[in-house]
Every structure is written in C-alpha cells, then in structure tokens.
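# Descriptive structure summary
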Amino acid sequence: MRRKPSILLSSAALLLAAGAGDALASGPRPAASAPSFLDGGRRVAVERLGPAALGASRGALSPLRLRYPDGRTIHASVGATAIVKVEPGAEGELAGAGLEVVRPLMPSIGLWLVRDSGGGDGLDVAERLQGAARPAFLREAIPDLHVRLEARGAPFTPDDPRLPGQWYFDDLRMEEAWGRTRGDAATSIVVIDTGCDLDHPDLAAKMDPGLDVIDGDDDPTYRPGAAGVNHGTACAGLIAADTDNGVGIAGGCPECRLRCVRLLDEEPQPISASVDAFEFALEVNAAVVSNSWGYAEPMPVPRVVEDAIGRLFDAGRDGRGALVLFAAGNDDREIDDDEIQAARGVLNVGAVNHLEEETPFTNRGSSLDLVAPTGTLSTDIAGREGDSPDDYTSLFGGTSSACPVAAGVAALLVSAAPERTAGELYDVLIRTARPAPFALPDERGHDPIFGYGIIDPVAALREVLGDEPPPPPPEEGGEDEQAGCACAAAGAPSGERRGLAVAALLGLAAAARRRRAAGARLGA
C-alpha cells in the first residue's frame, strides 16, 4: 500500500533511533555557541532573538528563529516548558534528570510536558538532554515551541456565479448517499479549530462536551472579538448540522455527533496544545477528526505531533483507528513531504470548484489524497462576530470548507462500516474516488492537484454496504505498480491492518481505470 514519503522518512528515523538507542545523540552538532535541538533525528539550529517578554496567556516567552537542515527558517518562541518522550512507565525517573512534570500530554505513547527544576526554559531543557547527558529512558526532548497557526480560510471571494444553496452536496449526490445511511449517533466527530458557537440553532442539539486547549477548560466556545472566530462554527455545520429539522442547512452526516476543540487563536500556540487536542480526540473515542488549520509558516511537523496523530490513527475508536483529515491549505504551493498534511495517518484534502476545476488557491503535492468541493454555505455566528448578520454565511470556502465536507462523508462511511479500520476506510475512499475531469494522473493514478480524485460518497457506501460489486481486478501490473497503489494516507504497518492484498488489487484497478479515462480525454 502507498505510504507518503514523509511516513517512510519518519519511520526510518525511528528505526535508526531504536537500533542505535541514541536518537537524541545523532546528527552533527553545531558550534557550542549555537543552540540547537533534535526533532525526530532532524537537527534544528536556533537563534535567540531577544529577552523573554510576557505572552498573552502563556507566561514569559523568548523569541526564536529556527533553521531546519533544508534551509527553511521559522519564527517561534519558547516558554518554561519542554516535551519529552520516555520509555513506558519511566516518567517517575524524570525528577532524577532535573525535570519537573507539569502534566501528561499523551501518556499512552510516553509524551509528558516538563519544566527544568533549575529554572531554564524549554530550549535549555532540550539542549541539556542531548548527547551524553541524555538519560537512558529518554527517547525525545524538544522545547514546547509556540508557533503561529492559521485557519485554512478562503483567500478570496470567487468571481464564478454560485449555484443556489448547498450546491456542493448536489455535486456529491449526498441525497442518494443519505438514502443508504444518515450516519449514527455513535459516530463522533471532533472539530479542531477556533471553537464553536455552541448555542447555534443548527448545532446546539448535535454538540457533546468539548475542550479549550488554549484556556485549559472544557468550554470550546469561540472567543468574542477575535478575528476569524466563525471558522470553527462553519466547519462544524458542514460536517453535521442538525438536519431535517426545518431550520437552516443540512450537515454531511445528519445523525452523527459533534465535539469542538478550541486550538486556534490570534496568538501563537505551543505545540503541546495540538498534542492536547489529539489526546482529547483519543480519550473521547472520536471516529473522525477534522482539521482545517496548519502552521502559518510552512514547517516540518514536530515529531511529537506526528506521533500523536499516528497514535490517534492506530489506536483511536476502540483500536480500529480514527480518520484524521487535514485541509491542504490555500497558498497555491507545493506541500513538502515532511509537513503535517503529509504525516502518517492523515487524509490530505484539497478543493475543487462547482465545475470540478482546480481552484487557484489549493496546495498540491505527492501527499494530496483527495479533493472535495468547497462548502460555501454553512453555519455562522450571528451578529458582528460572523461573516453575515444572521446565523448562516454563503462566504465560506477554501480548503477549510472542502475538508469538513470530506469529513462528513468519512463519518457516513464509519457509520456504515464501524468494524472497518481507519486504514481500510481510507482505502475505500481512495479506490472509489471519482476521476477528476481535469486531472493528469501518473502511473499510480495520482495527480498532484487532484490527488486520487473527487471524493464519492455514493460509490464508497455502495462498496462497504455490499450493494454493488467492487471494481474488477487489474488487467495487468507488476510489483512496482502494486507498490504505488492507492492507499493514500493509511501508512499503518501491515500487521496492523486487514485485507491489504485485496486492497492492493482493488487500488490497482482504480489506478488503471483512471489512466484509461485520462487517455480517452487526451485522445479526444
């Protein structure tokens, strides 16, 4: 099954670290005067830019400039805390290493938030615990960097005339999909974003308890007065607005339940906050996790964040795995293979317009899995906080809206086939995707702009419900072609997934079908 390049690189780094038993000591060290830390075997050079200053809500923060081995430069800041990954059960030994435990982050994979007993900041902790000073029980130690996140909002208002209402659901034949299943209240979707309007007339009845990882409480309500606070409410409405209630709009998964996590704010957030968000999704047994956000400055995903996503994908939903969707982003650029959208376990979603054309903003690359139409009409915060004066907006868009449209479809699929693993359901979504009419797929059936095609809820539900035969086996194909088959985001070890051989054959069929379609178009 296909694994994203970043998956292979990260797995190789982990295996090398385990084999050598010294992940933190690898890599050339810069000069002693230049601070640095290792993030998953990647040496990150750090320049301190000035004295610490009081942050908005996280205490004193020191400004930093990070330089990655490939030359990328990122602005961040650091406070008193660091994130460590320890051997299972070894957290009791942290005090002996001069560390004070602040709280657990994702203890099931050994992640803990700590501070230096000697008064240093998070960068001091990471530096001190590298090389010969690293305790034997310690696997990783990185500063709890504060980095600016951004919602994947629409960068412009399209010039094309809009089709009335929820045209994006018409394009996906959602009424036909709902005729097969309207979801299940046991299917829970976590929306990680700016927080939500919990009292919205089309959302209030669908909401279960959530989390605010910024303020550290259980109230994920948006913060009044902040820019773009409607973003999370609009995402939630596209996924599972109250449906068939005589009010407002329909949601992609009408019977599913919603939980909101407030992660995005105008202030930079520590990377531990996103780990907290994924840990919450793990604790509440989320089936689908929708993420219409990313790092404001494109950067490699921190290893601890990648590990948290992988844990959610592997062990969520009672061990069958949660489906973790990310918006591709709206920068009209190539996504690097080490970014968060390319992490193992992520379904990376781009956007198309109502003519199934490439949108001028969607990001692209080898990690892009699927595209979905932009959900322009959705729930809104009433009054000045929203995009329009009433409870709904027709101005939503970008990959931010395509991701929750796809998340609603993913939740329908989980509801129809709850016994399937996350990896198996990803494969179904990829194999049954509709070829994008303007794509030029490669030999694997993949196009960097359209991925493996346009998400097709009807075809996916037909397959898992067994009311239509699966695609025929491929007419030809060898070992090289099978290695590149259409299992975009799963990336799970073969021993953890079922039906890989069948999935590989069906993936080849999908790729062959797309190539034939592309050839027919080019020859017309």
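Everything quoted here is computed from the prediction, not taken from an experiment.

Looking now at the overall build of the protein chain. When helices and strands are tallied, the protein chain shows 12 helices and 22 strands. Counting the 524 residues in the protein chain, one finds 58% classified as buried. Put simply, 74% of the contacts in the protein chain that link residues at least 6 apart link residues at least 24 apart. Accessible surface, the protein chain: about 19,100 Å² in total, of which carbon and sulfur atoms supply 53%.

Note that Gly423 resides in helix α9 (residues 422-431). Residue Gly423 is classed as buried on the basis of its relative accessible area of 3%. Taking the C-alpha atoms as reference points, Gly423 and Gly321, separated by 102 residues in sequence, lie 7.7 Å from one another.

Next up on the list: the packing of aromatic side chains. Counted by the stated rule, this structure contains six aromatic pairs. Ring geometry for Trp167 versus Tyr168: centroids 5.8 Å apart, planes at 80 degrees, classification edge-to-face. Under the relative-accessibility criterion, Trp167 is labelled buried at 5%. The exposure class of Tyr168 is buried, given its relative accessible area of 0%. Aromatic rings pair up to connect Trp167, Tyr168, Phe169 and Trp178 into one cluster.

Of all six residues making up strand β12 (residues 188-193), six are buried, and the element is well covered by its neighbours. With burial as the criterion, each face of β12 is covered, one bearing Ser188, Val190 and Ile192 and the other bearing Ile189, Val191 and Asp193. Taken together, the six bridges between β12 and strand β14 (residues 257-262) define a ladder with parallel strand orientation. Bridged to Asp193 within β14 is Arg262. Where β12 and strand β16 (residues 288-291) come together, four bridges link them in parallel fashion. Note on β16: the bridge partner recorded for Ile192 is Asn291.

For the rest of this paragraph, the subject is the sheet that holds strand β19 (residues 346-352). Pairing in this open sheet of seven strands is parallel, and the strands run β13-β14-β12-β16-β18-β19-β20 from one edge to the other. The sheet terminates laterally at β13 (211-212) and β20 (370-373), the two strands that pair on one side only. Here four bridges tie strand β18 (residues 323-327) to β19, and the two strands are oriented parallel to one another. Opposite Val324, over in β19, you have Val346 as the bridge partner. Across the sheet, helix α6 (residues 271-283) lies against β12, β13, β14, β16 and β18, angled at about 170 degrees from β12, the strand it touches most. Seen against the sheet, α9 touches β18, β19 and β20 and runs at an angle of roughly 50 degrees to β18.

The subject of this paragraph is the confidence of the model for the protein chain. For the protein chain, the mean per-residue pLDDT works out to 83, and 80% of the residues sit at or above 70. Across residues 1-31, confidence stays below pLDDT 50; counting only partners more than four residues off in sequence or on other chains, it has 75 contacts.

To continue, consider the sheet that holds strand β7 (residues 99-106). Within the open sheet, the four strands sit side by side as β7-β8-β6-β9. Their pairing is antiparallel. With partners counted over all chains shown, the strands left at the sheet margins are β7 and β9 (138-143), one partner each. Pairs of neighbouring strands in the sheet enclose a mean axial angle of 30 degrees, with direction left out of account. Of the strand pairs in this sheet, strand β6 (residues 81-86) and strand β8 (residues 111-116) are connected by five bridges, and their pairing is antiparallel.

Let's shift gears to the packing of α9 against helix α10 (residues 457-465). Close contact between α9 and α10 brings their axes to 8 Å; oriented N to C, the two are set at 130 degrees. The orientation of α9 relative to α10 falls into the category oblique. Between α9 and α10 lies a crossing of right-handed hand. Facing Val428, Leu429 and Arg431 of α9, the residues of α10 in contact are Ala460, Glu463 and Val464. Of the residues contributing to the contact of α9 with α10, the split by class is four nonpolar, no polar and two charged.

The rules behind the values
Residues numbered from 1 in each chain as written. Predicted model: local features only at pLDDT ≥ 70, side-chain atom pairs only at ≥ 80, totals over all residues. Heavy atoms only, no water. Helix = DSSP H or I, 4+ residues; strand = E, 2+ residues; numbered from the N terminus. Buried < 20%, exposed > 50% of the residue type's maximum accessible area, 1.4 Å probe, protein only. Contact = heavy atoms within 4.5 Å. Areas by Shrake-Rupley, 256 points an atom, 1.4 Å probe, with all protein chains shown as cover. Phe/Tyr/Trp six-rings, centres within 6.5 Å; stacked < 30°, edge-to-face > 60°. Pairing = 2+ DSSP bridges. Axes fitted to C-alpha atoms, helices over the stretch in contact; angles between N-to-C directions. pLDDT = per-residue confidence, 0-100. Parallel < 35°, antiparallel > 145°, perpendicular 65-115°, else oblique. Left-handed = near helix turned anticlockwise from the far one by under 90°. Nonpolar A, V, L, I, M, F, W, Y, C, P; charged D, E, K, R; others polar.

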